[in-house]
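# A look at the structure
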Amino acid sequence: MSAQPDAVVLHGISGSPGIAIGAAFVLGDQLARVPRRTVSEAERPTEIERFRAATARAKEELRRLVASTPERSTATAVLEAYALMAEDPMLGDGVLHRIRAEGRCAEWAVALTVQHFASQLGEADDPYLRERSRDVEFVGQHLLRAFDGAAVSRKIPPGQIILVAQDLSPADAAGFVFVTGPERAPSSVVAFVTEVGTRTSHTSITARALKLPAVVGVNELCEAVDTGDLLIVDGLRGVVIVRPTEEDLEEARQRAGRHRALASQLHESRELRAQTQDGVTLAVRANVEIPEEAREASAEGAEGIGLYRTEYLYIDRVHPPTEEEQLVAFRAVLEAMPADAPVVLRTFDIGGDKFASTFKMPIELNPMLGLRAVRLALLRPEVFLEHLRAMVRASAFGDVRIMVPMVSSVGELKWVRQMLDKAIEQVKSSGGRVAEHIPLGVMIEVPSAAVLADHFARHAEFMSIGTNDLIQYTLAVDRSSRRLAYLASPFDPSILRLIERVVSAGARFDCPVSVCGAMAGDPLSALLLLGLGVREFSMEVSAIPEIRETFRRVTLEEAERVAERALELDSADDIERVVAEAFAIRLHDLISGAA
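Residues numbered from 1 in each chain as written. Predicted model: local features only at pLDDT ≥ 70, side-chain atom pairs only at ≥ 80, totals over all residues. Heavy atoms only, no water.

### A closer look at the overall build of the protein
Secondary structure summary: the protein contains 23 helices and 16 strands in total. Within the protein, buried positions represent 57% of all 595 residues. Nonlocal contacts in the protein, meaning residues at least 24 apart in sequence, comprise 72% of its contacts between residues at least 6 apart. Looking at the protein as shown, the accessible area adds up to about 24,400 Å², and 51% of this sits on carbon and sulfur atoms. (Helix = DSSP H or I, 4+ residues; strand = E, 2+ residues; numbered from the N terminus. Buried < 20%, exposed > 50% of the residue type's maximum accessible area, 1.4 Å probe, protein only. Contact = heavy atoms within 4.5 Å. Areas by Shrake-Rupley, 256 points an atom, 1.4 Å probe, with all protein chains shown as cover.)

Written as structure tokens, this is what we have:
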């Protein structure tokens with residue numbers, strides 16, 4: 001897009017696809033505007049009552065927003081979690097201590113407590129945990145607004161509105177999108193833009209659930225945009241244009257129309273099989289976190305769930321989920337899919353720091369290399385056994401397969417097998433129904449597992465390559481680091497060789513191999529994986545239509561020839577160039593998101 005001197009072009013991350021044009025509505029940060037006053041001993045009981053009343057109002061408002069959102073939506077699930085966080089005893093105890101012992105006013109006590117918990121999470125090495133620090137701040141903002149009885153759903157002006165904020169909580173998003181006043185009429189919000197966030201942040205997840213374009217991670221956004229400024233939000237390229245020219249606007253309208261046409265075309269072809277031009281049938285499945293996403297995956301024609309992230313059941317809560325709570329979640333995912341569609345339940349992949357509030361685990365200096373996933377299961381076998389029992393019981397309702405993450409030795413897999421056998425025996429002895437067979441697989445996401453793939457293939461019933469972590473650990477690059485992002489390339493020759501090693505081991509020992517990392521959801525890297533021998537792919541729901549169409553435009557022979565050439569090269573740039581030269585032109589509309 002062109003831009004005149006008066007226009008400002010801002011670059012960020014594509015959080016949700018689509019293109020929108022509208023007027024900016026800039027939201028402020030409630031945490032920055034709290035009263036900071038000390039209170040006398042006699043005033044403290046009153047402050048405590050004010051805090052409790054605000055908590056009740058905030059919870060009521062969140063419940064009202066839950067009722068206003070579409071049933072079983074992603075936004076609903078997040079809002080329900082926020083309502084629980086608003087009454088979390090740890091948060092409440094921190095606030096009460098600051099009022100009683102330090103003499104802070106209620107608002108100041110809330111702000112300090114929220115900042116304390118958010119900073120602890122924000123300093124963690126794990127990118128998911130850093131994202132959750134924003135959730136704590138969102139709940140804090142909600143509590144602070146509740147002191148004045150201010151509703152989340154503040155009035156916005158008429159017309160096509162784009163919400164602009166440092167960050168946008170799902171509660172605020174729902175408040176503006178679904179409730180705009182006493183009449184609860186649908187609003188005219190057409191897009192989100194935020195200064196912080198990633199594709200896995202709740203702003204992005206909420207925008208995708210609401211099917212609104214979003215650009216996140218836009219540096220200096222709030223300095224460049226004022227309420228009322230005309231904006232173009234390009235969620236395909238991760239670009240925001242402030243005060244665009246007529247030429248910019250016309251191009252945006254045309255690209256938006258082409259994107260809608262492509263999306264409609266891909267949706268209409270969802271019943272077609274994922275098959276190459278020379279007749280090779282492939283499995284395209286979904287990575288999901290909550291049952292609602294499984295329903296969306298089914299609607300998009302996913303042939304099962306290749307990865308269900310169970311650790312989200314354990315986060316943001318004081319006590320671990322019960323076996324019954326886990327069973328309800330697993331069963332909901334199974335029932336959202338066709339009866340014959342496989343659902344791969346991944347045992348919790350969570351680090352010791354994420355369990356700080358639930359299991360009182362000590363915070364580690366480097367949790368990504370510490371006590372996480374199967375290592376934590378080894379330390380807490382009673383928790384892991386309960387986890388497995390819920391999965392075993394869920395097998396009565398569909399095609400359940402269990403996958404173990406972050407395994408680095410065959411001994412760990414053998415131990416999980418013993419625990420699974422024990423869980424099956426316990427469920428059977430208590431009279432529960434169990435599937436005749438529950439396949440046990442392993443994730444290949446650390447270099448030692450890839451090197452030992454031939455041994456894992458002898459003991460596992462399937463292997464799934466988690467390319468996100470495999471890239472991070474192989475190249476020693478923090479995948480959340482923007483400064484080092486250029487090094488974390490899926491086209492790195494070392495990554496391709498490890499993938500080829502795993503696929504070859506799987507073929508040799510008749511152990512199916514899938515890929516469930518980000519490589520599976522990118523058209524060019526998916527074709528490279530196809531050429532390396534991968535036949536099963538699992539990805540974000542939004543990527544399924546594009547990847548299915550990608551496979552229908554090529555032959556297996558072409559993909560194998562390009563992969564063979566790629567394995568001879570010694571740099572990621574050269575490999576990406578070779579793949580792009582072979583396929584980019586025919587995939588132009590899928591890569592750009594516009595027909």
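### What about the sheet that holds strand E16 (residues 536–540)?
What holds strands together in a sheet is hydrogen bonding between their backbones, with the strands either parallel or antiparallel. Ordered by their spatial adjacency, eight strands build a closed barrel running E9-E10-E11-E12-E13-E14-E15-E16, and the pairing between neighbours is parallel. Across this sheet, the average inter-strand angle for adjacent strands is 30 degrees, counted without regard to direction. Pairing of strand E13 (residues 440–444) with strand E14 (residues 463–465), which is carried by three bridges, proceeds in the parallel orientation. Bridging from a neighbouring strand, Val 442 pairs with Met 463 of E14. In the packing of helix H14 (residues 410–429) onto the sheet, the strands contacted are strand E12 (399–404) and E13, and the crossing angle to E13 comes to about 150 degrees. (Pairing = 2+ DSSP bridges. Axes fitted to C-alpha atoms, helices over the stretch in contact; angles between N-to-C directions.)

### Considering the packing of aromatic side chains
The full count for this structure, using the stated rule, is four aromatic pairs. Their ring planes at 80 degrees and their centres at 5.9 Å tell us that Phe 348 and Phe 384 sit as a pair that is edge-to-face. Remark: Phe 384 occurs in helix H13 (residues 381–394) and Phe 348 occurs in the loop between strand E11 (342–346) and helix H12 (374–379); sequence separation between them is 36 residues. Pair check on accessibility: Phe 348 and Phe 384 agree, each one buried. Relative to Phe 551, the ring of Phe 537 lies with its centre 4.8 Å away and its plane at 50 degrees, an arrangement referred to as tilted. (Phe/Tyr/Trp six-rings, centres within 6.5 Å; stacked < 30°, edge-to-face > 60°.)

### Comments concerning helix H19 (residues 523–532)
Most of H19 sits out of view: ten of its ten residues are buried. For H19, every residue scored as buried is listed here: Pro 523, Leu 524, Ser 525, Ala 526, Leu 527, Leu 528, Leu 529, Leu 530, Gly 531 and Leu 532.

### Re the pattern of salt bridges
Taken as a whole and judged by the stated rule, the model has 29 salt bridges. With a shortest N-O distance of 2.6 Å, Glu 335 and Arg 331 are connected by a salt bridge. Taken together, the residues Glu 335 and Arg 331, both in helix H11 (residues 323–336) and four residues apart, mark about one turn of the helix. Glu 581 is the partner of Arg 577 in a salt bridge, and the nearest nitrogen-oxygen pair spans 3.6 Å. Placement of both Arg 577 and Glu 581 in helix H22 (residues 572–583) is noted, with a separation of four residues, approximately one turn of the helix. A relative accessible area of 39% means that Arg 577 is categorised as partly exposed. Taken together, the shared-partner salt bridges connect Arg 37, Glu 47, Arg 50 and Glu 107 into one network. (Salt bridge = Lys/Arg side-chain N within 4 Å of Asp/Glu carboxyl O.)

### Description of the environment of Arg 553
Looking at where Arg 553 falls in the secondary structure, it is placed in the loop between helix H20 (544–552) and helix H21 (556–566). Take Arg 553: its relative accessible area is 15%, and that puts it in the buried class. Between the alpha carbons of Arg 553 and Leu 587 there is a distance of 8.0 Å; along the sequence they are 34 residues apart. Setting aside residues up to four positions removed in sequence, Arg 553 forms contacts with Gln 277, Arg 586, Leu 587, Asp 589 and Leu 590. A distance of 2.7 Å separates polar atoms of two side chains, one belonging to Arg 553 and the other to Asp 589. (Polar contact = N/O pair within 3.5 Å; in protein donor to acceptor, adjacent residues only side chain to side chain.)

### Some details on the pairing of E16
Bridge count between strand E9 (residues 283–288) and E16: five bridges; the pairing is parallel. Across the sheet, residue Asn 287 finds its bridge partner in E16, namely Glu 540. Taken together, the two bridges between strand E15 (residues 513–515) and E16 define a ladder with parallel strand orientation. The residue bridging Val 515 from the neighbouring strand is Phe 537, located in E16. Between the parallel pair E15 and E16, the chain is carried across by H19, and the sense of this crossover is right-handed. (Right-handed = clockwise from strand over helix to strand, strands pointing away.)

### As for the sheet that holds strand E2 (residues 13–16)
Taking strand neighbours across the sheet as the criterion, the eight strands line up as E1-E8-E7-E3-E4-E5-E6-E2 in an open arrangement whose pairing is mixed. Whereas interior strands pair on both sides, the edge strands pair on one side only; in this sheet they are strand E1 (8–11) and E2. Here the average twist between neighbouring strands, direction ignored, is 30 degrees. Looking at chain direction, strand E3 (residues 19–26) and strand E4 (residues 161–165) are connected through four bridges and run parallel. Along E4, the bridge assignment pairs Ala 23 with Ile 161. Helix-sheet contacts for helix H9 (residues 246–268) involve E3, strand E7 (230–234) and strand E8 (239–242), and the interaxial angle to E3 is about 120 degrees.

### Concerning the pairing of E11
The element E11 is largely enclosed, with a buried count of five among its five residues. Bridge count for strand E10 (residues 305–309) against E11 is three bridges, and the pairing is parallel. Following the sheet pairing, Tyr 308 is matched in E11 by Leu 345. Relative to E12, E11 is paired through five bridges, and the arrangement is parallel. Bridge pairing links Arg 346 to Met 403 in E12.

### Looking at H11
An ideal rise of 1.5 Å per residue puts 20 Å on 14 residues; H11 measures up with 20 Å between its terminal C-alpha atoms. Taken together, the buried positions of H11 are occupied by Glu 323, Gln 326, Leu 327, Ala 329, Phe 330, Val 333, Leu 334 and Ala 336. Residues of H11 that are buried in the fold lie against helix H10 (291–299), E10, E11, H13 and E12. (Expected span 1.5 Å × (residues − 1).)

### Looking at the side chain of Ser 395
Positionally, Ser 395 belongs in the loop between H13 and E12. Among all residues touching Ser 395, those that are not within four sequence positions of it are Val 400, Val 434, Ala 435 and Ile 438.

In short, the description is geometric, and any link to function would need to be established separately.
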